[in-house]
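Letter by letter, the chains look like this.
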Amino acid sequence: MNNIKACIFDLDGVIVDTAVYHYKAWKRLANSLGFDFTEHQNEQLKGVSRVRSLELILGWGGVTKTAAEQEILATQKNTWYMEMVNQMKPDEILPGAKEFVEICRKAGIKIALGSASKNSMTILNKIGITNLFDAVIDGNKVSKAKPDPEVFLTGAKALSVEPEECVVFEDAIAGVEAAKAGGMKVVGIGQPGVLDADLVISGLDKMTLDKLFKI
Ligand code: G6P
Ligand code: MG
């Protein structure tokens, strides 16, 4: 039995699958610049900030842009991305996510969001689960991107718990590293061979309180 007092959830790929929308928007941007963007490349952008994602994509396309041009391109991508996000409905919550958060809350465990996305609040509102979170730490509230632990440590602080009392749920390699760097336990959402976490499950529909207390 451990002394878990809080769970901190990443958003994209854990609570909701927005990767497909990121992919479509980045692909549209890459195509407008004259090169293609693959799903394999999109995989490498999980947990990576918008600015850094654009740098990587321009590098893959062999295109150089000034800082001012990059800002315009990142804004364009976000506009296209938000057109899709604004259509999101509560039925897009990943299987078991809402149920597991509710189970935790009933058990007295505090809940925070820890995401790199600056659009986190909009997405939570669209899928109708904002009120399940005691704290929301998103890309607007931190300056250092994962694998830096800032987002999760800020979450622990907001919940008034110690890092070792937190379990983080993450689908990105950089996110798993960030949780560990912060001294937290981490549950990977994905494939065991890819994520070096304390426990790896395919989705929150496979998570239970029993597993949480045995980590
Ligand atoms: C998450 C996603 C990334 C995305 C980042 C920033 O970490 O996994 O693919 O680039 O958030 O999202 P934003 O909504 O701020 O562009
Ligand atoms: Mg993620």
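Residues numbered from 1 in each chain as written. Chains lettered and ligands numbered in written order. Predicted model: local features only at pLDDT ≥ 70, side-chain atom pairs only at ≥ 80, totals over all residues. Heavy atoms only, no water.

Colleague: So what's going on with the pairing of strand E4 (residues 166-170)? Residues and values would help.
Modeller: Among the five residues that make up E4, five are buried, leaving the element largely enclosed by the rest of the structure. The alternating pattern of E4 places Cys166, Val168 and Glu170 and Val167 and Phe169 on opposite faces, both of which are buried. Bridge count for E4 against strand E5 (residues 185-189) is four bridges, and the pairing is parallel. Among the inter-strand pairings, Val168 is bridged to a residue of E5, identified as Val186. (Buried < 20%, exposed > 50% of the residue type's maximum accessible area, 1.4 Å probe, protein only. Helix = DSSP H or I, 4+ residues; strand = E, 2+ residues; numbered from the N terminus. Pairing = 2+ DSSP bridges.)

Colleague: An account of helix H1 (residues 19-32) is needed here, citing residue identities and associated values.
Modeller: With 14 residues, H1 extends 20 Å between its outermost C-alpha atoms, agreeing within 8% with the 20 Å of an ideal straight helix rising 1.5 Å per residue. Residues of H1 that are buried include every one of Tyr21, His22, Tyr23, Ala25, Trp26, Leu29 and Ala30, and no others. At its buried positions, H1 is contacted by helix H2 (39-43), helix H3 (50-61) and helix H4 (67-85). Backbone geometry just after H1 places Gly34 at a positive phi near 95°. (Expected span 1.5 Å × (residues − 1). Contact = heavy atoms within 4.5 Å.)

Colleague: Can you lay out the pairing of E5 for me, pointing to particular residues and giving the numbers?
Modeller: Counting buried positions along E5 gives four out of five residues, so the element sits mostly inside the fold. Where the polypeptide runs from E4 across helix H8 (residues 173-181) and back to E5, its parallel neighbour, the crossover connection is right-handed. The sheet contact formed by E5 and strand E6 (residues 199-201) spans three bridges and is parallel. What sits directly across from Val187, in E6, is Leu199. (Right-handed = clockwise from strand over helix to strand, strands pointing away.)

Colleague: Describe the site of ligand 1, listing the residues and the values that go with them.
Modeller: Contacts to ligand 1 come from 14 residues, most closely from Val48, Arg50, Ser117, Lys118 and Asn119. Measuring from an oxygen atom of ligand 1, one finds a side-chain N or O atom of Arg50 at 2.8 Å. With respect to ligand 1, the side chain of Asn119 contributes an N or O atom lying 2.7 Å from an oxygen atom. Notes on ligand 1: free accessible area 390 Å², of which the protein chains cover 96%. Class assignment for the residues of the shell around ligand 1 results in four nonpolar, six polar and four charged. (Near = heavy atom within 4 Å. Polar contact = N/O pair within 3.5 Å; in protein donor to acceptor, adjacent residues only side chain to side chain. Areas by Shrake-Rupley, 256 points an atom, 1.4 Å probe, with all protein chains shown as cover. Nonpolar A, V, L, I, M, F, W, Y, C, P; charged D, E, K, R; others polar.)

Colleague: I'd love a proper account of the side chain of Asp10, names of residues and values included.
Modeller: Along the polypeptide, Asp10 turns up in the loop between strand E1 (6-9) and H1. A distance of 3.1 Å separates polar atoms of two side chains, one belonging to Asp10 and the other to Lys146. The residues touching Asp10, leaving out its near neighbours within four places in the chain, are Ile15, Leu113, Gly114, Ser115, Lys146, Phe169, Glu170 and Asp171.

Colleague: Which residues make up helix H5 (residues 97-106), and what are the values?
Modeller: Since there are 3.6 residues in each turn of an α-helix, residues three or four apart along the chain are aligned in direction. Burial in H5 covers these residues: Ala97, Phe100, Val101 and Cys104. Looking down the long axis of H5, one finds its buried residues gathered within 100° of arc, a one-sided arrangement. Its buried side turned inward, H5 meets E1, strand E2 (110-114), E4 and helix H9 (209-214). Within two residues after H5, Gly108 carries a phi angle of roughly 85°, on the positive side. (Arc of directions from axis to C-beta.)

Colleague: Got a sec to walk through the nonpolar core? Specific residues and values, please.
Modeller: Within soluble globular proteins, side chains that are nonpolar generally end up buried alongside one another. Counting residues in hydrophobic clusters, the biggest one holds 51 residues, and the most contacted among them are Phe9, Ile15, Phe133, Phe169 and Leu204. With near-sequence residues (within four places) excluded, Phe169 lies in contact with Cys7, Ile8, Phe9, Asp10, Val14, Phe100, Val187, Ile189, Leu204, Met207 and Leu212. Counting 20 residues, the second-largest nonpolar core is a separate cluster that includes Ala112, Ile137, Val151 and Met184. (Core = buried A, V, L, I, M, F, W, Y, C linked by side-chain atoms within 4.5 Å.)

Colleague: Account for the sheet that holds E4, with residues named and values stated.
Modeller: The parallel open sheet is built from six strands, whose spatial order is E3-E2-E1-E4-E5-E6. Looking at strand neighbours, the two that pair on one side only are strand E3 (135-137) and E6, the edges of this open sheet. Sheet twist, expressed as the average angle between the axes of neighbouring strands with direction ignored, equals 20°. Note that E1 and E4 share four bridges and pair parallel. (Axes fitted to C-alpha atoms, helices over the stretch in contact; angles between N-to-C directions.)

Colleague: Before we move on, could you go through the coordination of the magnesium ion (ligand 2) and cite the residues and values that matter?
Modeller: On the protein side, the magnesium ion (ligand 2) has Asp10 (OD), Asp12 (O) and Asp171 (OD) as donor atoms, found 2.0 to 2.2 Å from it. Read in sequence order, the donor residues coordinating the magnesium ion (ligand 2) give the pattern D-x1-D-x158-D. In this pair, Asp10 is assigned in the loop between E1 and H1 and Asp171 in the loop between E4 and H8, connecting sequence segments 161 residues apart. Taken as a pair, Asp10 and Asp171 share a single burial class, namely buried. (Donors = N, O, S within 2.8 Å, 3.2 Å for Na, K, Ca; no water.)

As far as function goes, none of this settles anything; it's purely spatial.
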